[in-house]
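# Notes for the structure review
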Amino acid sequence: QVQLVESGGGLVQAGGSLRLSCAASGRTFTEYGMGWFRRAPGKEREFVSAISRAGGYTNYADSVKGRFTISRDNAKNTVYLQMNSLKPEDTAVYYCAAGSLALVSEDRYDYWGQGTQVTVSS
């Protein structure tokens, strides 16, 4: 079992920045690829970014490429999502997830956090 706890969400103006954190506990953190997903009001949950176990591979949704950066600190069992140049359409609940690989499909992730709200005002 892996427990995931997100933090760092909040209210920010368009153009601003936030950094989300996801702290993991339980099984060995380096066994898992990590992903960030989001669910906007009235929409399906969607892939945002993923990072491989050692951090050497990252992937981003086109909508966030160039603005968001995923990283991980395996010594701290934490994955981060640095979000810059935020837009109102980035408003969503953001979830981190752990799986065997850093994949796009949410079906491939085994463990999920409770989510953290990000609201971007125009």
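Structure: above.
## Here we look at the nonpolar core
- Ranked by size, the top nonpolar core spans 36 residues in total, and within it Leu4, Met34, Trp36, Leu81, Met83 and Tyr94 carry the most contacts.
- Counting residues per element, this core draws most heavily on strand β9 (residues 92-99), at 5 residues.
- Residues within four places of tyrosine 94 in sequence aside, it is in contact with Glu6, Leu20, Trp36, Phe37, Arg38, Val48, Phe68, Leu81, Met83, Gly115, Thr116 and Val118.

## Considerations on the pairing of strand β11 (residues 116-121)
- Side chains Thr116, Val118 and Val120 project from β11 onto a buried face, and the interleaved Gln117, Thr119 and Ser121 project onto a face without burial.
- Inspection of the sheet shows strand β2 (residues 10-13) paired to β11 by 4 bridges, in the parallel sense. The partner of valine 12 across the bridge, within β11, is valine 120.
- Pairing of β9 with β11, which is carried by 3 bridges, proceeds in the antiparallel orientation. By the bridge assignment for β11, alanine 92 is matched with valine 118.

## Details of the sheet that holds strand β7 (residues 68-73)
- Within the open sheet, the 4 strands sit side by side as β1-β3-β8-β7. Their pairing is antiparallel. Of all strands in the sheet, those bounded by a partner on one side alone are β1 (2-7) and β7. Strand-to-strand twist of the sheet, defined as the mean angle between neighbouring strand axes without regard to direction, takes the value 15°.
- As paired elements, strand β3 (residues 18-26) and strand β8 (residues 78-83) share 6 bridges and run antiparallel to each other. Along β8, the bridge assignment pairs serine 21 with tyrosine 80.

Calculation rules
- Residues numbered from 1 in each chain as written.
- Predicted model: local features only at pLDDT ≥ 70, side-chain atom pairs only at ≥ 80, totals over all residues.
- Heavy atoms only, no water.
- Core = buried A, V, L, I, M, F, W, Y, C linked by side-chain atoms within 4.5 Å.
- Buried < 20%, exposed > 50% of the residue type's maximum accessible area, 1.4 Å probe, protein only.
- Helix = DSSP H or I, 4+ residues; strand = E, 2+ residues; numbered from the N terminus.
- Contact = heavy atoms within 4.5 Å.
- Pairing = 2+ DSSP bridges.
- Axes fitted to C-alpha atoms, helices over the stretch in contact; angles between N-to-C directions.

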